[in-house]
Amino acid sequence: MIDELLDPAICQSIYEAFPKDGNGFFNRESFREKKRTSADLGAYDKILADITYAFQDARVVDLISKTVGFERIEPDPKLYAGGLSMMFPGDFLNPHIDNSHDGDRERYRRLNLLYYVSPDWKIENGGNFELWDEEREKQKTLTAHTNRLLVMETNKTSWHSVSQVEVDRPRCCVSNYYFSVDSPDSTEYFHVTSFTGRPDEKIKRAVGVADNALRNLVSKTFKVGRGKNLVNKGKN
C-alpha cells in the first residue's frame with residue numbers, strides 16, 4: 001500500500017469527476033457482486049483517463065515491477081476488466097480469485113492496482129478491500145483510504161473481496177491490471193473469475209462451486225471453438 005499517492009487536490013479532482021449517481025456505468029448485480037463499472041473513459045472528464053493511463057506509463061510500470069520484484073510485467077491499454085468502479089450503499093464483492101488471463105488469453109494476470117479516491121473514507125464506511133486465506137475462513141481488512149494505492153499479486157489462491165458499503169455516498173476506485181507471459185507458478189493453467197460465499201454464506205458457497213465449474217467449462221469450450229474457426233478461416 002502507498003498512502004498519499006498524489007497531491008490531495010488532484011485526488012479530490014479525480015473523485016469529483018466521477019458521476020455521483022453512477023450515470024453511464026454498467027450495473028453488475030448477482031449473488032457474486034453488486035457494483036458499477038465503466039471503461040468508457042472518453043465519456044467523462046479527461047482527468048479520469050489521465051489517472052487511469054498514468055498507471056500504464058512505462059516509468060510507473062517499471063517502478064512497481066521493481067518494487068514487488070516481478071519481471072516482464074506489462075499494463076493493459078485495452079482495460080480488460082480495468083477502468084473505473086463505483087460502489088453505493090449495499091454494494092459488495094464476494095470472495096473471489098480473478099480470471100487468470102487477459103482478454104486474448106496470451107498473458108497471465110499478475111498484479112491488481114487499485115487507487116481509492118473517495119474523501120474521508122473510514123473503515124466503518126464499508127467498501128473495504130479484504131484478503132482471505134486459502135480456505136476462505138479468515139480475512140484481513142485493508143481500508144479504502146482516500147488517496148491510497150493498493151497493489152495485489154493475483155494467482156490461483158489470491159482470494160479477495162470488498163465488504164458491503166454502509167454509507168450513503170459512493171466509494172470510487174481507479175483500477176488497472178498488469179499481465180505477464182510468465183505464469184505465477186511456472187505452470188500452465190486457466191480459470192475464469194471464480195466466486196464463493198463468506199464463511200456464513202453456505203448456500204452461496206455451494207452455488208459458487210457449480211457456477212464456477214459451469215463458467216469455466218463454457219469459457220474453455222468457447223476458446224477451443226474460436227481456435228478452430230481461426231484455423232478454418234486461414235485455410236479458406
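Rules used throughout
Position labels on residues start from 1 in each chain and follow its written sequence. Per-residue local features are limited, in this predicted model, to residues with pLDDT of at least 70; the limit for side-chain atom pairs, both in listing and counting, is 80 or more; totals at the level of whole chains, interfaces and linings are taken over all residues. By convention in this description, side-chain values take in all heavy atoms of the structure and omit both hydrogens and water. Only Phe, Tyr and Trp rings take part, Trp by its six-membered ring, and two of them pair if their centres are within 6.5 Å. Stacked means planes under 30 degrees apart, edge-to-face means over 60, and tilted covers everything else. Only DSSP runs of H or I covering at least 4 residues are called helices, and only runs of E covering at least 2 are called strands; the numbering of each starts at the N terminus. The criterion for a charge sitting over a ring is simple: Lys NZ or Arg CZ within 6 Å of the ring centre, and within 35 degrees of the ring normal. Exposed residues in this analysis have more than 50% of their type's maximum accessible area, buried residues have under 20%, and partly exposed residues fall in between, with area computed by a 1.4 Å probe over protein chains only. Comment: arc refers to directions from the helix axis out to C-beta atoms. Contacts were defined at the residue level, with two residues in contact if any of their heavy atoms lie within 4.5 Å. Any pair of nitrogen or oxygen atoms within 3.5 Å is treated as a polar contact; in protein, a donor-acceptor pairing is required on top of that, and neighbouring residues in sequence qualify only through side-chain atoms on both sides.

Caption draft 1: Just the packing of aromatic side chains, in detail. Applying the stated rule across the entire model yields four aromatic pairs. Between the aromatic rings of Tyr108 and Tyr189, the centroid separation amounts to 5.3 Å while the plane-to-plane angle is 45°, which identifies the pairing as tilted. Residue Tyr108 is found in strand 5 (residues 108–116), and its partner Tyr189 is found in the loop between strand 10 (171–180) and strand 11 (194–195); the two are separated by 81 residues along the sequence. Taken together, the ring pairs connect Phe18, Phe25 and Tyr44 into an aromatic cluster. In this arrangement the basic side chain of Lys20 is found over the ring face of Tyr15, its NZ or CZ atom lying 4.3 Å from the centre. The side chain of Arg36 reaches across the aromatic face of Phe88, ending 4.8 Å from its centre.

Caption draft 2: Looking closely at helix 1 (residues 8–17). Within the sequence span of helix 1, burial applies to Cys11, Ile14, Tyr15 and Ala17. Taken down its axis, helix 1 places every buried residue within 165° of arc, on the same side. Exposed side chains of helix 1 directed beyond 90 degrees from the buried face belong to Pro8 and Glu16. For helix 1, the elements touching its buried residues are helix 2 (46–54), strand 5 and strand 10. The N-cap of helix 1, judged by a side-chain oxygen 2.8 Å from the amide nitrogen of Ala9 a few residues on, is Asp7.

So far we have only geometry, and geometry alone does not tell us how the molecule works.
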